[in-house]
Amino acid sequence: MEKVVWTKRLGACPRLLVVLIPLLLAACAGQPPAKVDDDEIDTRVRAPASEDSAGVQVYSLQNPAVKELTAQAVVAERAGELDKASGYLERALRIEPRDPQLLQQMAEIKLQTADYQQALSFAERSYDIGPRVGEICSRNWRTISVAKEHLDDASGANDAEKRATRCMNTRPKRY
Amino acid sequence: MARKAVKSKSKSRKSRSKRTSRQKPGLFRRLFRLLMLLAGLAIGIGVPWTVWLDIQVRGEFEGRIWDVPSRVYARPLSLYSGKPVSKSSLLLELKASGYRQVTNASVPGTYSVNGSQFDINRRAFIFEDGSKPATRFRLQLRSGSVGDLVAVSGSEDPGLVRLDPAEIASIYPLHDEDRTLVALKDAPELLVTGLQAVEDRQFKHHHGVAFRSIARAFVANIRAGKAVQGGSTLTQQLVKNYFLNSERTLVRKANEAIMAVLLELHYDKAQILEAYVNEVYLGQQGKHAIHGFGRASEFYFDRSLQDLEPQHIALLVGLVRGASLYNPRRNPERALKRRNQVLDIFEVTGLLTENEVKKAKGRPLGVTSKPRSGGSRYPAFVDLVRRQLKRDYQSSDLSSEGLKIFTTLAPSEQEYAQQAVSKGLDDLKQRGLPADLQSAIVLADVASGEVRALVSDRVAGRTGFNRALDARRQIGSVIKPLVYLLALEHVDDYNLITPVKDEPLSLRQPDGKLWSPENYDHKSHGELPLMDALVHSYNQATVQVGLSVGVANLIRKIKQLGIAVEVPAVPSTLLGAVELTPIEVAQMFQSLAAGGYSVPLRSVTAVLTPQGELLSRYPLRFMPLENREAIALLNFALTRVVEEGTAQALHGLLGNNTVIAGKTGTTNERRDSWFVGYTRDRVAVSWVGLDDNRPASVTGANAAMRIWARLFRSLPIEGLDLRMPDGANFVWVDKQQQALTDPSCPGAEQIPFIEGSEPQKKTQCLKNQKGKNKESLWRKWFGRKD
């Protein structure tokens, strides 16, 4: 009974369609850009970096407090609780403000929350402060590349991708 | 017409008897009409008037309804193995968080100390990121840092423990006044009964106005020939407090009486009494009024209301009649008399025994010499918190009750900063500087922009002018680093050793006058490397460089560093004829200290609902600036300011050689002294000057830098990391010759250069070396300064 009435209504009011269709189109157009999810981070940032580095690991020793907090951050990140993960990383950064791993981890979280400017900032800072070689260097630049891509800087993204491969010059620069 | 004729006829024909018999009804009728008119007026005006008064008084009453205030917390102290912390700062933090020192820390909220061994029983607490149960642990302090953390209860040793944060204020974010609320059930009984005994014995029985009291007072006043007694009830006094007005006109009194009756109609005795206890005017602190017994107790005795003794309560109750008249600090004798009078009333009404009263009378007033400030020991910092909350939140969010506001303050560092100012200024006085100097300090974390300490007054805890946030003063030489930063960004024209001219110059100002800046030693130093001009803060060279990079660009740079202030586009801006506040200066230099990663300085990290749910968080966000290589070069130069320039006394004051970047600032006629300095993790600005801006004989080095050093002596500090970013390298050069050189050559120094801007020339010494030692060429040219 209702259906009949409904279709009758629809038939009687083509104007409704005229209004609906543009609205639907607008809704589609206005969708926010796709976020970078955890999978994409693995495939575009972490895995290639780990592959490249095979052998050159330049990690700073983490103090136990930072270890505890980063472990909690990883758990939160896996559970999709990105703001919580950020919170743990911020606490860790208060303890070790210049730990490049923390900064890079934060950059990756920012990619996942689609905060590309901040992903860029954290990755750049991690690079500046870090060893500038090895796996973390590679992660830095790949993050920068993904972020720039999402910020519509295709050439910047390309340059960053290339730069990532140079991280594997196994001899660290001595300045 | 006929009537008139009849009237006139009747008038002319009236006999006296007839007139009198007719007058009575006429008079009566007129009186009656008059009464009706008055009644009509009374109702016509009186009713709306009363309704209006009703709206007013209820508005006031409910407007002040005792929302639970929002609690403001300092940052929680994180403890972990390796954390640098001194014994004194740990004790300060425990004290600030309300921990009691005991012999056996078996109860949460206590700790015991044995030499450098601490046993701490941490309370349960809902932190920003969730709740934690109580936990007991031990730690040993070893050479200035925490050793291992050991669990006491047999559970796993914690890697990281946070102390529950100090509660630093209770605020109503939307109002400007701090109040210390007292619920009626928490108020001391003596206060509640004593108030009634002294001010309103009929309180329980009357309906707002006590006619008996009024009559009694009336009689007493007539007898005495002047006003000696007030017949006002507590309710009437409450109304009077709402509309504090010294006029005691009849109209005012009538209004208050009506409103008192209306209040009693709407609210019960307990509500009215509670409102009274929290509302009554009891004193003044500058422009802040002290309302309520809770605040008054802190203000006069630096104690909470629950900790007061009978003679204290008597004093406060006595103040109700005249807070200025019986001010115990201004008029101690009169206050004492009044207090004893009140104690007598307590005795007569059976609230205290004869012995108790005798004992109480024998006690001194007990008032502290310095009033404690608006509910917080850190009014300057709490002021910053308020402003940032207002700026970043909607009123609708902040009007919620009982919010938990987590901030960035570090109580121990705040304490050190305040001492640095208070003791520092006293020391300056000993050295012959003006006795009324004032000062401000802003201390923040470089990487996060979190404000750790804010000092705005030489007197701790005094509420008044917030100098750290509002003292807008010329910054003088503190601007120079920005001028040289601009120069260094012009890679083709300038590097750190480019020769610049420190020579006399004259510029015609827009007003026609000639401006001829001089150096502080009244000498000109000729041609010298750019770096040296900054290190020695030479004015003439700075103006030369500044004119070449352009004042407009300097103004743009200031904006870029986060400061939105109108700056005049005139040459004197190059020498700091720009007015900024200490926090603005701190903001500018935070970016430089962080190697070009700008973070807005902030005081709030999160706001939680009373139930502990996250309402909002201020996440860490920074903005990388362009030309970070130039910033790295500048930071190097600023470490030289401390090594060999205008701040060379700093290492002596600190007692160590930690690598620090700094800049002194002195303004015209020595009105202002500035020092901004940063280590790897902290940046601080200190300012010294006179509030009325008269010449103060202060220089950057002799005043502000001393205070900065006092603070940093108490802080664990790491030297600045001078590692260059990609695109800049340390190179061995000879400054004077503007040439590359070998480390073994005389005059050789390692100085950073942006790639491509190094000198191409080689010194003769290097040329000779080159011949000798070809293999280590790579090493020599690109060696790092360790």
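Just so it is clear, the model here is predicted, and its values are computed rather than measured.

## Remarks on the overall build of chain A
If you tally the helices and strands in chain A, you get 9 helices and 0 strands. In sequence order, chain A lays out its α and β elements as α-α-α-α-α-α-α-α-α. Across the 175 residues in chain A, those meeting the buried criterion constitute 45%.

## Points about the packing of helix α17 (residues 480-489) of chain B against helix α19 (residues 539-549) of chain B
Residue and element names in this part refer to chain B. Two elements in contact, α17 and α19, have axes separated by 9 Å at closest approach and are oriented at 45°. Relative to α19, the element α17 lies oblique. The interaxial crossing formed by α17 with α19 has left-handed handedness. Facing Lys480, Val483, Tyr484, Leu486 and Ala487 of α17, the residues of α19 in contact are Asn539, Ala541, Thr542, Val545, Gly546 and Val549. Residue composition of the contact of α17 with α19, grouped by class: 7 nonpolar, 3 polar and 1 charged.

## Digging into the confidence of the model for chain A
Looking at chain A, the pLDDT average stands at 80 and 69% of residues meet or exceed 70. Between residues 1-12 of chain A, whose pLDDT stays under 50, and residues either more than four places distant or in other chains, the model counts 1 contact.

## A look at the interface of chain B and chain A
Between chain B and chain A, the contact holds 37 residues from the first and 35 residues from the second. Summed over both partners, the interface of chain B with chain A comes to about 3,100 Å²; 42% of that surface belongs to carbon and sulfur atoms. Inspection of the region where chain B meets chain A yields 10 salt bridges. Of the charged contacts in the structure, one is a salt bridge between Glu450(B) and Arg94(A), with a shortest N-O distance of 2.9 Å. There are 21 residue pairs in polar contact (both at pLDDT 80 or more) connecting chain B and chain A.

## Description of the state of the cysteines
Residues and elements named next belong to chain A. Across all of its chains, the model carries 2 disulfides over all chains by this definition. Two residues, Cys137 and Cys167, share a disulfide whose sulfurs are 1.8 Å apart. Across the S-S bond linking Cys137 and Cys167, the dihedral sits near -60°, which makes this disulfide left-handed. Of this pair, Cys137 sits in helix α8 (residues 134-150) while Cys167 sits in the segment after α9 (154-166), placing them 30 residues apart in sequence. Note on accessibility: Cys137 and Cys167 belong to one class, buried.

## Focus: the confidence of the model for chain B
Any segment with low pLDDT has predicted coordinates that should not be analysed in fine detail. All names here are of chain B. Of all residues in chain B, 91% have pLDDT values of 70 or greater, and the mean over the chain is 89. Confidence over residues 1-15 falls short of pLDDT 50; this stretch has 3 contacts with residues more than four positions distant or in other chains. Under the prediction, the complex receives an ipTM of 0.76, its pTM being 0.76.

## A word on the sheet that holds strand β30 (residues 728-734) of chain B
Residue and element names in this part refer to chain B. On the basis of which strands lie adjacent, the open sheet formed by 3 strands has the order β31-β30-β32 and antiparallel pairing. Strands at the two margins of the open sheet, each flanked by one partner only, are β31 (739-740) and β32 (748-754). One ladder, built from 2 bridges, connects β30 with β31; its direction is antiparallel. Among the inter-strand pairings, Val733 is bridged to a residue of β31, identified as Leu740. Each of β30 and β32 touches helix α22 (residues 628-644); the most contacted strand, β32, lies at about 150° to it.

## Quick look at α8(A)
Structurally, the α-helix is built with 3.6 residues per turn, so residues lying three or four positions apart point the same way. Residues and elements named next belong to chain A. Look at α8: 25 Å from first C-alpha to last across 17 residues, which is about the 24 Å you get at 1.5 Å a residue. Burial within α8 is extensive, with 14 of its 17 residues counted as buried. Of the residues trailing α8, Asp152 is marked for its positive phi of about 60°.

## Notes on the pattern of salt bridges
Inspection of every chain in the model, using the stated rule, returns 50 salt bridges over all chains. Among the salt bridges present, the one from Glu149(A) reaches Arg44(A), with a minimum N-O distance of 2.9 Å. Here Glu149(A), found in helix α8, pairs with Arg44(A), found in helix α3 (residues 38-53); they are 105 residues apart in sequence, far enough to count as distant. Take Arg44(A): its relative accessible area is 25%, and that puts it in the partly exposed class. Salt-bridge contacts for Glu90(A) lead to Arg617(B); the nearest nitrogen and oxygen are separated by 3.4 Å. Remark: Arg617(B) occurs in strand β25 (residues 614-617) and Glu90(A) occurs in helix α5 (residues 82-95); the pair is interchain, linking two chains.

## Thoughts on a negative patch on the surface
Together, Glu68(A), Asp148(B), Glu156(B) and Asp157(B) line one region of the surface with negative charge. Tracing the backbone shows Asp157(B) in the loop between β9 (145-151) and β10 (160-162).

## So, the pairing of β9(B)
With 5 of 7 residues buried, β9(B) is to be regarded as a mostly interior element. Two successive antiparallel strands, strand β8 (residues 135-142) of chain B and β9(B), enclose a turn made up of 2 residues, where Ser143(B) displays a positive phi of approximately 40°.

Rules used in this analysis
Residues numbered from 1 in each chain as written. Chains lettered and ligands numbered in written order. Predicted model: local features only at pLDDT ≥ 70, side-chain atom pairs only at ≥ 80, totals over all residues. Heavy atoms only, no water. Helix = DSSP H or I, 4+ residues; strand = E, 2+ residues; numbered from the N terminus. Buried < 20%, exposed > 50% of the residue type's maximum accessible area, 1.4 Å probe, protein only. Axes fitted to C-alpha atoms, helices over the stretch in contact; angles between N-to-C directions. Parallel < 35°, antiparallel > 145°, perpendicular 65-115°, else oblique. Left-handed = near helix turned anticlockwise from the far one by under 90°. Contact = heavy atoms within 4.5 Å. Nonpolar A, V, L, I, M, F, W, Y, C, P; charged D, E, K, R; others polar. pLDDT = per-residue confidence, 0-100. Buried area = accessible area lost by both parts, 1.4 Å probe. Salt bridge = Lys/Arg side-chain N within 4 Å of Asp/Glu carboxyl O. Polar contact = N/O pair within 3.5 Å; in protein donor to acceptor, adjacent residues only side chain to side chain. Disulfide = S-S within 2.5 Å. Pairing = 2+ DSSP bridges. Expected span 1.5 Å × (residues − 1). Patch = residues over 30% accessible without salt bridge, like charges linked within 9 Å, V, L, I, M, F, W, Y side chains within 5 Å. Areas by Shrake-Rupley, 256 points an atom, 1.4 Å probe, with all protein chains shown as cover. Lys, Arg positive; Asp, Glu negative; His and termini not counted. Charge placed at Lys NZ, Arg CZ, Asp CG, Glu CD.

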